[in-house]
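A closer look at the structure
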Amino acid sequence: MEIKQDIIHSDEHSTNTPILKIDHIVKKFGTHEVLKDLDFSVQKGEVVCIIGSSGSGKSTLLRCINGLEKMTAGSVYFHNQKIGKDSKSINHFRSQVGMVFQSFNLFNNMTVLQNCMTGTIKVLKKDKEESKHLAIKYLKQVGMAPYINAKPEQLSGGQKQRVAIARALTMHPQVLLFDEPTSALDPEMVGDVLKVIKELANNGLTMMIVTHEMAFARDVSTRTIFMDQGLIAEDGTPDEVFKHPKNARVKEFLSRYINDTNLETEHKKKEA
Amino acid sequence: MEKGFFYWIVQLTKEYWPYFIKGMWITVVIAIIGTILGFIVGFLIGMLQSTKVSEGDNITKRIGLSTLDWICRAYVSIFRGTPMMVQAMVIYYGLKMGGASISAFSASIIVLLLNTGAYMAETVRGGIISVDVGQLEGGFAMGMSHSMTMFNVILPQAFRNIIPEMVNMFLTNLKMTSELNVIGVAELFFVTKTAAGTYYRYFEAYIICAVIYYILCTFFTKLLSSIEKKTFDKKDYELAAEYMNLDEGEKNGN
């Protein structure tokens, strides 16, 4: 830990400033400490997968980063700028950092197209024509353009999630946060969504992905963080974390996933 | 021989139908205007009460919001805690005593709107709470402000959820206007009272009155439910054909 922090501090002085800096975040729910002094940075272009068992604080971390959850202590820096606590600076920060939720959170009162135009019109103040153009562009990218007139309730989970990703992309986010994007989907649909995320990773979009899909995390991430009981138990390249975990807890967790991981890899081969 | 039930029904109707019609008209107008204005008041308060202050907001905003919140609570509590008939008396004679020249008709609308507003505030708050919190977070995550998300996402859904309750409220109001006879507004009940008093035929007069209320309520129930159905019935969507081929082309390309 000590050494890692030194690296972060030296980063600040170099020209390569981190796009996101999580500065000693603590989050308590009552007396329960969910996040225990987390401190790390994310560089531009990194695809950070955050894995770990349920209740380890992964989702809470993402929610604290974009202010959906109030942190007890600590702060977030975006391009070395501290994010203020007032709604104006939080909103401005959020407009540059997208989030995709486990439960999609598409606006139920709007069609797919309206869902993908709201942010650009209301927040970025773009005109209708440009917003529509952007919406269609990203809906095409996720393969959902034919469904522009559908309401969320008329779509399957996988389709909803792809629309949600398109909606986030219309905002041209500099970082995209994924909170268990495939956990609410049936296995057949998981593949479609992961494929879309993988494409984004290949395009160099900075992402933080909380996921239980181990094979996906290993293949897509440039960096894997293993969280355990509110702490970072392991932080390194996917190779380091998956093949040579140092932490005993990580070893135990991953050994349980080995069978699943093999299955998933096979499934993927079939798909390809 | 004493004249029978039907004789008096016919007699009263013949003699007083213009008054009944006028009373009915006033009842409907008070109910519609009072209810709509009450809905607006209710929506404003319901929205205000579900606004949360964020940590970094400045002190003026915080104090302003909490003062408004206190006023709203007091208002809702008072108007839900007293009978409308009493409110009518207090407001009408209170305004008169204060030197305001106000007609019984305008006072009726004010009373009804204040009463409706107090009940609607709670209904709207309930409607807002009933919308999944994820909808709010979906808006927030894109950088939409609280009020932006409220107006574009939450309220339309809350509105949809509370329409049955709003219809209920309107029907209740349609009948509650009868209480306003105490301040002398010539609505249906007041008119009936006059008609009944002339010949001391209370039973027959109020039967006519009841039938008119019943017809009014049935008519508005049918009307409002057909509007609701037409507006909100699920419609099948059509695939946008212009983007279909492109998608397949892209898929094949991959």
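Structure report, in brief. (Residues numbered from 1 in each chain as written. Chains lettered and ligands numbered in written order. Predicted model: local features only at pLDDT ≥ 70, side-chain atom pairs only at ≥ 80, totals over all residues. Heavy atoms only, no water.)

Here we take up the interface of chain B and chain A. Contacts between chain B and chain A engage 35 residues on the former and 40 residues on the latter. Overall, the association of chain B and chain A removes approximately 3100 Å² of surface from exposure, summing both partners, and the carbon and sulfur fraction of that is 56%. At the surface where chain B touches chain A, the tally comes to one salt bridge. Measuring nitrogen to oxygen at the nearest pair gives 2.5 Å for the salt bridge that ties B:Glu137 to A:Arg63. Only helix H5 (133–140), helix H6 (146–176) and helix H9 (244–253) of chain B provide two or more residues apiece to the side of chain B that touches chain A. A breakdown of the residues in the side of chain B that touches chain A according to their chemical character gives 13 nonpolar, eleven polar and eleven charged. (Contact = heavy atoms within 4.5 Å. Buried area = accessible area lost by both parts, 1.4 Å probe. Salt bridge = Lys/Arg side-chain N within 4 Å of Asp/Glu carboxyl O. Helix = DSSP H or I, 4+ residues; strand = E, 2+ residues; numbered from the N terminus. Nonpolar A, V, L, I, M, F, W, Y, C, P; charged D, E, K, R; others polar.)

On to the sheet that holds strand E2 (residues 32–42) of chain A. Residues and elements named next belong to chain A. Strand order across the open sheet formed by four strands is E2-E1-E4-E5, with antiparallel pairing between neighbours. At either end of the open sheet lies a strand with only one pairing partner, and these are E2 and strand E5 (81–82). In the sheet, strand E4 (residues 73–78) pairs with E5 via two bridges, with the strands oriented antiparallel. Note on E5: the bridge partner recorded for Tyr 77 is Lys 82. (Pairing = 2+ DSSP bridges.)

Residues and elements named next belong to chain A. Most of strand E8 (residues 206–210) sits inside the fold, with five of its five residues counted as buried. Residues Thr 206, Met 208 and Val 210 of E8 are buried on one face, and the alternating residues Met 207 and Ile 209, pointing to the opposite face, are buried as well. Examined bridge by bridge, strand E3 (residues 47–51) and E8 share four bridges and lie parallel to one another. From the neighbouring strand, Ile 50 faces E8, where its bridge partner is Val 210. Across five bridges, strand E7 (residues 175–179) lies against E8 in parallel orientation. Residue pairing for E8: Phe 178 is matched across the bridge by Ile 209. Running through helix H7 (residues 187–202), the crossover from E7 to the neighbouring parallel element E8 is right-handed. (Buried < 20%, exposed > 50% of the residue type's maximum accessible area, 1.4 Å probe, protein only. Right-handed = clockwise from strand over helix to strand, strands pointing away.)

Attention shifts here to the packing of aromatic side chains. Evaluation of the coordinates by the stated rule reveals 14 aromatic pairs over all chains. With centroids separated by 5.2 Å and ring planes inclined at 50°, the aromatic side chains of B:Trp8 and B:Tyr199 adopt a geometry described as tilted. Residue B:Trp8 is located in helix H1 (residues 5–49), and its partner B:Tyr199 is located in helix H7 (residues 188–199); the two are separated by 191 residues in the primary sequence. Each ring, one from B:Phe170 and one from B:Phe220, has its centre 5.1 Å from the other, and the planes form 75°; the classification is edge-to-face. Here the residue B:Phe170 occupies a position in helix H6, and B:Phe220 occupies one in helix H8 (residues 202–232), the gap between them amounting to 50 residues. On the accessibility criterion, B:Phe220 (9% relative accessible area) is buried. Grouped by ring-pair contacts, the aromatic residues B:Phe5, B:Phe6 and B:Phe203 constitute a single cluster. Above the face of the A:Tyr77 ring, A:Lys21 is positioned so that its terminal group lies 4.7 Å from the ring centre. A cation over a ring is seen here: A:Arg167 above A:Phe107, with NZ or CZ 4.4 Å from the ring centre. (Phe/Tyr/Trp six-rings, centres within 6.5 Å; stacked < 30°, edge-to-face > 60°. Lys NZ or Arg CZ within 6 Å of the ring centre and 35° of its normal.)

With that settled, consider the sheet that holds strand E9 (residues 223–228) of chain A. All names here are of chain A. An order of E6-E7-E8-E3-E9-E10 is seen for the six strands of this open sheet, with the pairing classed as mixed. This sheet does not close on itself; its edge strands, each paired only once, are strand E6 (97–100) and strand E10 (231–236). Sheet twist, expressed as the mean angle between neighbouring strand axes with direction ignored, is 15°. Packing against the sheet, helix H2 (residues 58–65) makes contact with E3, E6, E7, E8 and E9, and its axis sits at approximately 145° to E7. Sitting on the sheet, H7 is in contact with E3, E7 and E8, with an inclination near 145° to E8. (Axes fitted to C-alpha atoms, helices over the stretch in contact; angles between N-to-C directions.)

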